[in-house]
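Understanding the architecture of this molecule
Given next are the chains, with one letter for each unit.
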Amino acid sequence: MYAQMVKSEATTEAPELLAGFQARIDAGEKIEPKDWMPEGYRKTLIRQIGQHAHSEIVGQLPEGNWITRAPTLERKAILLAKVQDEAGHGLYLYCAAETLGVSRDELTEALLSGRMKYSSIFNYPTLNWADIGAVGWLVDGAAIMNQVPLQRTSFGPYSRAMIRICKEESFHQRQGYDIMMKMAQGTPEQKAMAQDALNRFWYPSLMMFGPSDKDSVHSAQSMAWKIKINTNDELRQKFVDQTVPQAEYLGLTIPDPELRWNEEKGGHDFSEPDWSEFFEVIKGNGPCNAERMEARQKAWDEGAWFREGLMAHARKRAAAKVAAE
Amino acid sequence: MSNEWPLWEIFIRGQHGLNHRHVGSLHAPDAEMAVKHARDVYTRRNEGVSIWVVPSASITASSPSDKGPLFEPSNSKVYRHPTFFDIPEDVGKM
Amino acid sequence: MVVALDLDHALFEGLCRMGDSTLVLGHRVSEWCGHAPVLEEDIALANIALDLIGQTQLWLGLAAQVEGKGKGKGRDADALAFRRDAWEFRNLLLVERPNGDFGHTLMRQFLFDAWHQPMLKALEGSSEARVAEIAAKAGREVAYHLERSADLVIRLGDGTEESHKRMQSALDRLWPYTGEMMTSDETDRALAGAGVMAAPDSIRPAWEAVAAEVLGEATLKIPEGSHMHKGGKQGTHSEHLGHMLATMQWLQRAYPDARW
């Protein structure tokens with residue numbers, strides 16, 4: 001998902017403290033920043049929320065790639081509003097992470113140095129206008145699968161951020177599908193763009209849920225702590241089952257010859273994505289990793305004088321105010 | 001001295017005269033800019049009419065018992081709302 | 001009848017001058033999305049771009065109505081935005097200036113806002129109800145744009161040595177594009193005479209007062225040279241506009257039969 005392959009941290013506190021903490025979570029209580037928490041819980045959350053926040057910020061780039069080329073004034077406004085929402089979501093999530101004792105600048109530096117990751121999906125390029133539809137429909141669709149249950153996550157600030165995000169996010173997937181409908185029902189070229197977008201985004205969307213984690217110890221710990229709510233496979237299956245009829249409605253073909261309904265399991269059978277490709281993308285070898293990081297680095301470096309200038313002025317004003325009193 | 005902008009807690013009173021409500025946080029160099037940022041970040045859907053900002057460092061917290069915030073959407077930018085887009089029933093929930 | 005047709009033509013031009021300026025500036029500001037120096041600023045800039053694009057829809061929408069009335073031409077706001085070539089654009093030269101560094105972008109915004117706000121105020125008194133209505137709505141948004149850009153110009157002008165230097169160099173570079181905003185031509189005078197739109201030269205005192213106050217507080221020096229570039233309002237642009245339109249209009253031009 002936006003937070004893929006988050007390793008949970010080992011925790012070494014006394015068993016009775018851990019048991020008490022687990023009991024609070026099992027009782028459905030929210031853990032708040034000033035509450036006692038195992039170090040492993042805190043560190044895992046920083047990693048997960050930070051990765052989620054980074055994904056929102058880097059996720060502005062592939063869609064931002066089309067803001068200046070949106071084909072109508074209304075499409076331009078809608079896309080801009082959507083990419084702006086992503087900046088907002090990144091902001092809420094960074095703030096949630098900050099309650100755990102890490103600053104936003106520290107998280108940003110960890111992203112830029114490669115110590116922290118972001119979702120693999122944003123390392124794929126947006127090559128035609130239908131990609132903007134596909135990103136909304138498939139990528140946001142997959143993200144929502146994960147984010148809706150995370151509203152119930154055990155950490156209060158994370159849960160509250162997710163509630164706000166889900167509320168704002170609900171228009172994103174619909175605007176994507178709306179573009180896909182226009183394209184799929186449009187001229188032959190538009191339909192070809194729509195199919196091309198689906199062909200390129202299908203497997204990367206399935207990768208968003210991460211590799212199968214049925215037997216993962218890390219996942220088990222995170223699920224017990226309610227910072228992960230469903231397994232990767234559950235969510236992936238749900239996503240496929242939801243998306244297949246939507247693709248059919250559009251008259252588009254999902255690029256998987258093995259895709260078929262399985263009556264017995266009450267869901268679709270489908271092909272796994274190429275996991276070796278996934279691991280390469282995570283390692284930094286996706287089609288756009290370098291560009292994405294260059295863009296973030298440039299914004300950070302070239303913005304330094306601006307951030308410092310405003311801070312300097314604020315200090316001057318504060319000093320003048322003190323002097324006047 | 002760190003050049004990271006300090007963190008502020010944002011409280012907004014909606015259009016229905018309810019109390020100011022904590023909606024989240026943000027970074028700003030001083031209080032005035034925090035108010036401007038709050039307007040841009042937390043009232044994109046016209047959720048509020050009055051904004052308070054408080055340096056996060058000035059908050060003294062007892063045992064936490066916050067519930068999640070609620071937000072009143074507005075109609076000024078209709079495309080931000082999912083109902084702006086007509087989705088055929090055949091395609092299922094979205 | 002000849003007079004009425006001419007006034008409609010002037011009104012079409014006048015509306016394109018407003019709508020093209022908001023379109024081009026909105027486009028420029030939107031180029032920052034995802035690339036601003038800090039998240040809060042990224043979000044704030046997107047709000048400004050969204051306001052400007054919304055205003056464009058209103059101004060160009062009305063321009064299309066006015067145009068259609070005389071000749072039965074069926075254009076709409078999108079056709080005006082995406083299917084006219086550079087020489088048909090009527091925006092101010094100032095707004096097509098490239099973004100440059102963030103200081104450049106903010107200075108351009110301030111110089112424009114300081115004109116835009118009193119211009120809209122004056123247009124609220126238009127004898128043409130549809131113009132007055134758009135001006136009133138846009139005016140509420142632009143009052144905030146000006147408050148924000150003026151505040152940032154002051155803070156950065158009087159911030160660090162580097163921020164001061166960058167703001168001064170932005171001012172020096174952009175200043176020669178400000179004169180066009182306050183120069184009236186025949187079209188402007190015809191519209192002002194009919195009470196439909198305010199003459200740009202009538203905005204000068206308000207603009208100069210705000211510019212002097214804000215730039216003074218920002219410790220910035222107003223450049224001495226008096227030469228001013230002109231031509232945007234009449235359709236003679238810088239080289240930059242063509243490149244912007246090549247990007248902005250590409251899909252509509254490449255697939256003229258498609259609906260989006």
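This text follows the structure it describes.
Residue positions within a chain follow its written sequence, with the count starting from 1. Following the order in which they are written, the chains are lettered starting with A and the ligands numbered starting with 1. Totals for whole chains, interfaces and linings use every residue, but because this is a predicted model, local features are given only for residues with pLDDT of at least 70 and side-chain atom pairs only at 80 or more, for both listing and counting. Note that the side-chain values use all heavy atoms of the structure and ignore hydrogens as well as water.

With respect to the interface of chain A and chain C
- Contacts are assigned to residue pairs with any non-hydrogen atoms lying within 4.5 Å of each other. Each partner contributes residues to the interface: chain A has 46 residues there, and chain C has 52 residues.
- Taken together, both faces of the contact between chain A and chain C bury some 4200 Å²; the carbon and sulfur share is 70%.
- Salt bridge, as applied in this entry: a Lys or Arg side-chain nitrogen positioned within 4 Å of an Asp or Glu carboxyl oxygen. Counting every contact that joins chain A to chain C gives three salt bridges.
- In this structure, Asp151 of chain C and Arg317 of chain A form a salt bridge, with 3.8 Å as the shortest nitrogen-oxygen distance.
- Any N or O atom pair separated by 3.5 Å or less is treated as a polar contact, with the protein-specific requirement of one donor-capable and one acceptor-capable atom, and with residues adjacent in sequence counted only for side-chain atom pairs. At the boundary of chain A with chain C, the tally comes to 14 residue pairs in polar contact (both at pLDDT 80 or more).
- Here a strand is any run of E in DSSP of at least two residues, a helix any run of H or I of at least four, and the numbering for each starts at the N terminus. Elements that contribute at least two residues to the side of chain A that touches chain C include exactly helix H3 (60-64), helix H4 (73-98), helix H7 (156-184), helix H8 (188-207), helix H12 (289-302) and helix H13 (304-324) of chain A.
- Broken down by element, the side of chain A that touches chain C gets its largest block of residues, 14 residues, from H4 of chain A.
- When grouped by side-chain class, the residues that make up the side of chain A that touches chain C number 23 nonpolar, 11 polar and 12 charged. Each of two parts loses accessible area, computed with a 1.4 Å probe, when they are put together; buried area is these two losses added. In this count, Pro and Cys sit with the nonpolar residues alongside Ala, Val, Leu, Ile, Met, Phe, Trp and Tyr, while Asp, Glu, Lys and Arg are called charged and the others, Gly among them, polar.

Some points on the nonpolar core
- Among the nonpolar cores identified, the biggest contains 195 residues, and Tyr41, Trp129 and Phe306 of chain A, Leu26 of chain B together with Met107, Phe110 and Trp115 of chain C are the most heavily contacted of them.
- If you tally residues by element for this core, the top one is helix H2 (residues 39-71) of chain C, at 15 residues.
- Leaving out residues up to four positions away in the same chain, Phe110 of chain C has contacts with Leu146, Ser149, Ala150, Val153, Val210, Ala211, Val214 and Leu215 of chain C. Throughout this description, the term nonpolar core refers to a set of buried Ala, Val, Leu, Ile, Met, Phe, Trp, Tyr and Cys residues connected via side-chain atoms within 4.5 Å. Only protein chains enter the accessibility calculation, which uses a 1.4 Å probe. A residue is then buried if its area is under 20% of the maximum for its type, exposed if over 50%, and partly exposed in between.

Points about the pattern of salt bridges
- Tallied over the full model, the rule gives 41 salt bridges over all chains.
- Where Asp178 of chain A meets Arg75 of chain A, a salt bridge forms, and the shortest distance between an N and an O atom there is 3.2 Å. With Asp178 of chain A in helix H7 and Arg75 of chain A in helix H4, the pair connects residues that are 103 residues apart, well separated along the chain. The residues Asp178 of chain A and Arg75 of chain A share a single accessibility class, namely buried.
- Residue Asp269 of chain A is joined to Lys265 of chain A by a salt bridge in which the shortest nitrogen-to-oxygen separation is 3.1 Å.
- Using a relative accessible area of 44% as the deciding quantity, one classes Lys265 of chain A as partly exposed.
- Put simply, Arg317 of chain A, Asp30, Glu32 and Lys36 of chain B together with Glu147, Asp151 and Arg155 of chain C are held in one network by salt bridges that share partners.

What to know about the packing of H4 of chain A against H7 of chain A
Residue and element names in this part refer to chain A.
- At their nearest, the axes of H4 and H7 sit 10 Å apart, and the two run at 160° to each other. On the basis of their axis angle, the class for H4 and H7 is roughly antiparallel. Considering the relative orientation of H4 and H7, their crossing is left-handed.
- Looking at the contact of H4 with H7, its residues break down into 12 nonpolar, three polar and nine charged. The convention used is that axes are lines fitted to C-alpha atoms, helices contributing only their stretch in contact, and that angles between N-to-C directions extend from 0 to 180 degrees. The scheme is simple: roughly parallel for angles under 35 degrees, roughly antiparallel for over 145, roughly perpendicular for 65 to 115, oblique for anything else. Handedness of each helix crossing follows the sense of rotation of the near helix against the far helix: counterclockwise by less than a right angle gives left-handed, clockwise gives right-handed.

What about helix H9 (residues 204-217) of chain C?
All names here are of chain C.
- For H9, with 14 residues, the first-to-last C-alpha span of 20 Å sits near the 20 Å given by 1.5 Å per residue.
- Of all the positions in H9, only Trp207, Ala211, Val214 and Leu215 are classed as buried. Seen end-on, H9 carries its buried residues on one side only, within an arc spanning 95°. Among the exposed residues of H9, those pointing more than 90 degrees away from its buried face are Pro205 and Glu213.
- For H9, the secondary structure elements touched by its buried residues are helix H5 (102-123), helix H6 (129-157) and helix H7 (161-174).
- Looking at the residues trailing H9, positive phi occurs at Thr219, about 60°. To estimate the expected span of a helix, subtract one from its residue number and multiply by 1.5 Å. The reported arc concerns the directions from the helix axis to the C-beta atoms and nothing else.

Considerations on the packing of H5 of chain C against H7 of chain C
Residues and elements named next belong to chain C.
- In contact at an axis separation of 9 Å, H5 and H7 are set at 55° when each is read in the N-to-C sense. Of the possible angle classes, the one that applies to H5 and H7 is oblique. In this structure, the crossing between H5 and H7 has a hand that is right-handed. Contacts from Gly103, His104, Leu106, Met107, Arg108 and Leu111 in H5 reach Met167, Ala170, Leu171, Arg173 and Leu174 in H7.
- Each residue belonging to the contact of H5 with H7 can be placed in one class, and the counts come to seven nonpolar, two polar and two charged.

What to know about the side chain of Lys233 of chain C
All names here are of chain C.
- Structurally, the position occupied by Lys233 is in the loop between H9 and helix H10 (239-248).
- Of the polar contacts made by the side chain of Lys233, one reaches the side chain of Asp188; its length is 2.9 Å.
- Once you skip the residues sitting within four places of it in the chain, Lys233 turns out to touch Arg17, Arg90, Asn91, Leu92, Glu180, Thr183, Asp188 and Pro200.

Details of unusual backbone geometry
- Phi angles above zero are rare outside glycine, and Lys226 of chain A is one such case at about 55°.
- Within the secondary structure, Lys226 of chain A sits in the loop between helix H9 (217-224) and helix H10 (232-250).
- Of note in this structure, Thr219 of chain C is not a glycine but carries a positive phi near 60°.
- Its place among the elements puts Thr219 of chain C in the loop between H9 and H10.

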